[in-house]
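# Descriptive analysis of the structure
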Amino acid sequence: MMNYLTDNPNASLTDGMHLLVDALKVNGVEAIFGVVGIPVTDLARYAQKAGIRYIGFRHEQSAGHAAAISGYLTKKPGICLTVSAPGFLNGLTALAEATVNGFPMIQISGSSDRNIIDLQQGDYEGLDQMNIAKPFVKAAYRINRPQDIAVGVARAIRTALSGRPGGVYLDITTAMLSMTMDVEEAQASLFAPVDPAPIQIPCSTAVKRALKLLSNATKPLIIIGKGAAYAQAEGQLKEFIEKTGIPFLPMSMAKGVLPDDHPQCAAAARSLVLGQADVVMLVGARLNWLLNHGKGKKWNPNAKFIQLDVSAEEMDSNREIEAPVVGDIASSIDLMLCKMEPFNIKCGDAWMHSIQAVKQANAEKMKAKLETVTQPMNYFNSLKVVSDVLQDYKDIYLVNEGANALDNTRNVVNMYHPRLRLDTGTWGVMGVGMGYSIGAAVTGGKQVLAIEGDSAFGFSGMEIETICRYRLPVTVLILNNGGIYRGDEKGHGTNGDPAPTMLMPEARYDRMIEAFGGKAYNVNTTEELEAALTIALASKSPSLINCVIDPSVGVESGHIGNLNPHSTIKS
Ligand code: OXT
Ligand code: ADP
Ligand code: MG
């Protein structure tokens, strides 16, 4: 264990602030994402001095998103640091989202002293943060004394990582940060929790039950979710899928767990496989809204379900799961591979042929859209350029948000490696773009292309200053159609105000990055887009492309327009 009390190596006392940094260091924390101010500014300075990378943001929500995605990519909790009250609340959205997505993250926030808060005596940025955080996280803990730092940090890490990963709130009071403690006693208290995410091995009866169900299927389907990506189970999954010949359907962030161009990938025959599969094996994917809760006209009503998930309470959440396999995904598939021989599972040719036929028909329709030239550009001809250029960049992160900008990118741009597609996730939330880009670039060490709707970009756009300040290899491509979904709606009032979906169609987002010294491109044609994207990606430096597309080509809410309530009274 190292002593990072470099301020005064001979001191006999340490304080909460130094000890917290020591505890993070002992636990292998390599980066903190945050916004400083009272009472955590020195904490960030000490962390930096101790060799922890501190990335300072313009808004805590983006810092939180960076921490969350870093947790997803590394299987270690991402750390977000916030100031009291407003800073805490700004970060809380990202922490809640991390919990919903199942990404391990810890938000450490300075907080006001309990005696003032509890009597509601009006402290500087005073708020009962811990109680506010509780409904949004796996657990909220407060450290009131330096003696408790080691345990507090260890508990936060274990809670964030174990079972279904998620967000943890760690409240550190201003008073605690300056309380002192004997330095030797303090150092002796530090530890890293042993095996904080114990691998849960599934029971072999459950595995055999699942194999039996699969062996009786005539139209089996494996749905791969981002839980499988998080579990880093790609090796086992590939072996199981290829040995059995079963088609697979990737959820959005699970694209690339197996490559999209794999012959058994059924992404381009989604409706067919959901509508006809008789046995569906969910691997790290919940039967939530993204899968229509496993019910309704999208689904074969007689389908039977196998579910591989670390969380027992996820089973039967939306419909009966005939073969629940509770455990770590990689271990579960390992066991399935081990026990599969007597079950003789082999996907029939007829099922694969019908999938291939639909894939081919959809691919032809898609090809026609991609190759239709329009001026201004539309989503498809612009994304074809992106897809072509990315053939030389298959191993970079693709961050993606928007509605049409999201759904069309998912369909057009193939993924070839796991955990590279980072998008709006379980909540379908805007604002992850720049935070995810920064978190991925810092933690993953690879360059990033963020494909953003113009509205989506606006939620975290100021972070391009952060990208430029840290000189991160991030290219932001804005598919600018001048609005939320589209940019040609007329206002509905009489005072000339723009329609609710409208943004400025002529907005020059490229000029924003110029202000911070990044490379800027404004493109109107596919040729210009290809040239700009090629140069921007080759430069591996901060760059932003404002890609002007037709304001009239977007669809309301992208692929999920059906979720809009339909007013029965027309005005
Ligand atoms: O088989 P069928 O026939 O069904 O065909 C399917 C596939 O087989 C086929 N396919 C292919 N064909 C050929 N080739 C290939 N390669 C191929 N791949 C697939 O294509 C179809 C469709 O396939 P897909 O996409 O797989 O399947 P589908 O049916 O779409 O899947 C369903 C879903 C639900 C699983 C999937 O669509 C999905 O994952 N969707 C996520 C949707 C989502 O989360 N959207 C974001 C939220 S929308 C909205 O809420 C927005 N807001 C409000 C707001 C939010 N969100 N957050 C906050 C904090 N505040 C407000 C806002 C403000 S979006 C938004 C901004 C929008 O404006 P922008 O300017 O940013 O963006 P633009 O829209 O571009 O203007
Ligand atoms: P998607 O949105 O891609 O469908 P979800 O976020 O809905 O994926 O589902 C991910 C699931 O994966 C969660 O239910 C979570 O409990 C589960 N999960 C996460 N990590 C593991 C793991 N290591 N082993 C098993 N299940 C896991
Ligand atoms: Mg738009």
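Residues numbered from 1 in each chain as written. Chains lettered and ligands numbered in written order. Predicted model: local features only at pLDDT ≥ 70, side-chain atom pairs only at ≥ 80, totals over all residues. Heavy atoms only, no water.

Let us now look at the coordination of the magnesium ion (ligand 3). Metal coordination angles have textbook ideals: 109.5 degrees for a tetrahedral set of four donors and 90 or 180 degrees for an octahedral set of six. Distances from the magnesium ion (ligand 3) to its protein donors, Asp454 (OD), Asn481 (OD1) and Gly483 (O), fall within 2.0 to 2.2 Å. Taken in sequence order, the residues that donate to the magnesium ion (ligand 3) follow the motif D-x26-N-x1-G. Taken together, the residues span a long stretch of sequence, with Asp454 in helix H19 (residues 454-458) and Asn481 in the loop between strand S17 (474-480) and helix H21 (510-514) at a distance of 27 residues. When sorted by exposure, Asp454 lands in the same class as Asn481, which is buried. (Donors = N, O, S within 2.8 Å, 3.2 Å for Na, K, Ca; no water. Helix = DSSP H or I, 4+ residues; strand = E, 2+ residues; numbered from the N terminus. Buried < 20%, exposed > 50% of the residue type's maximum accessible area, 1.4 Å probe, protein only.)

Moving on: the packing of aromatic side chains. Geometry of an aromatic ring pair is reported as the spacing of the ring centres plus the angle between the planes. One pass over the structure, following the stated rule, counts six aromatic pairs. With a centroid separation of 5.8 Å and an interplanar angle of 85°, the aromatic rings of Phe457 and Tyr509 are classed as edge-to-face. Residue Phe457 is found in helix H19, and its partner Tyr509 is found in the loop between S17 and H21; the two are separated by 52 residues along the sequence. Looking at Phe457, the relative accessible area reads 1%, which means it is buried. Above the ring of Tyr230, the side-chain terminus of Lys75 is found at 5.7 Å from the ring centroid. If you follow Lys394 out to its NZ or CZ, it ends over the ring of Tyr416, 4.3 Å from the centre. (Phe/Tyr/Trp six-rings, centres within 6.5 Å; stacked < 30°, edge-to-face > 60°. Lys NZ or Arg CZ within 6 Å of the ring centre and 35° of its normal.)

Our next topic: the nonpolar core. Generally speaking, a soluble globular protein has its nonpolar side chains buried in company with each other. Of all hydrophobic cores here, the largest spans 181 residues; its most connected members are Ile223, Phe240, Ile306, Leu422 and Leu449. Leu449 has contacts with Val386, Leu390, Ile396, Tyr397, Leu398, Val399, Thr475, Leu477, Leu533 and Leu537, leaving out every residue within four places of it along the chain. (Core = buried A, V, L, I, M, F, W, Y, C linked by side-chain atoms within 4.5 Å. Contact = heavy atoms within 4.5 Å.)

Further remarks concern the site of ligand 1. As a matter of local geometry, ligand 1 sits amid 34 residues, with Ser271, Tyr379, Asn404, Asp454 and His559 nearest to it. Ala268 has a polar backbone atom sitting 3.2 Å from an oxygen atom of ligand 1. At 3.0 Å, a backbone N or O of Gly483 approaches an oxygen atom of ligand 1. Isolated, ligand 1 exposes 1400 Å² of accessible area, and the fraction of that covered by the protein chains is 79%. Only helix H13 (270-276), helix H15 (349-371), helix H17 (404-412) and H19 provide two or more residues apiece to the shell around ligand 1. Ranked by the residues each element gives to the shell around ligand 1, the list is headed by H17, at six residues. (Near = heavy atom within 4 Å. Polar contact = N/O pair within 3.5 Å; in protein donor to acceptor, adjacent residues only side chain to side chain. Areas by Shrake-Rupley, 256 points an atom, 1.4 Å probe, with all protein chains shown as cover.)

Here we come to the domain arrangement of the protein. Along its sequence, the protein is carved into domain 1 (13-189), domain 2 (204-356) and domain 3 (372-563). The centre of domain 2, based on its C-alpha atoms, is set 32 Å off from the matching centre of domain 3. Contacts between the two partners involve 16 residues from domain 2, matched on the other side by 16 residues from domain 3. The three residues of domain 2 that bury the most area against domain 3 are Met253, Lys255 and Trp289, which together make up 40% of that side's buried surface. Joining domain 2 to domain 3, the criterion identifies one salt bridge. Here Glu234 makes a salt bridge to Arg419, at a shortest N to O gap of 2.7 Å. Counting across the interface, domain 2 meets domain 3 through 10 residue pairs in polar contact (both at pLDDT 80 or more). By residue class, the composition of the side of domain 2 that touches domain 3 is six nonpolar, four polar and six charged. (Domains from an automatic or database assignment. Buried area = accessible area lost by both parts, 1.4 Å probe. Salt bridge = Lys/Arg side-chain N within 4 Å of Asp/Glu carboxyl O. Nonpolar A, V, L, I, M, F, W, Y, C, P; charged D, E, K, R; others polar.)

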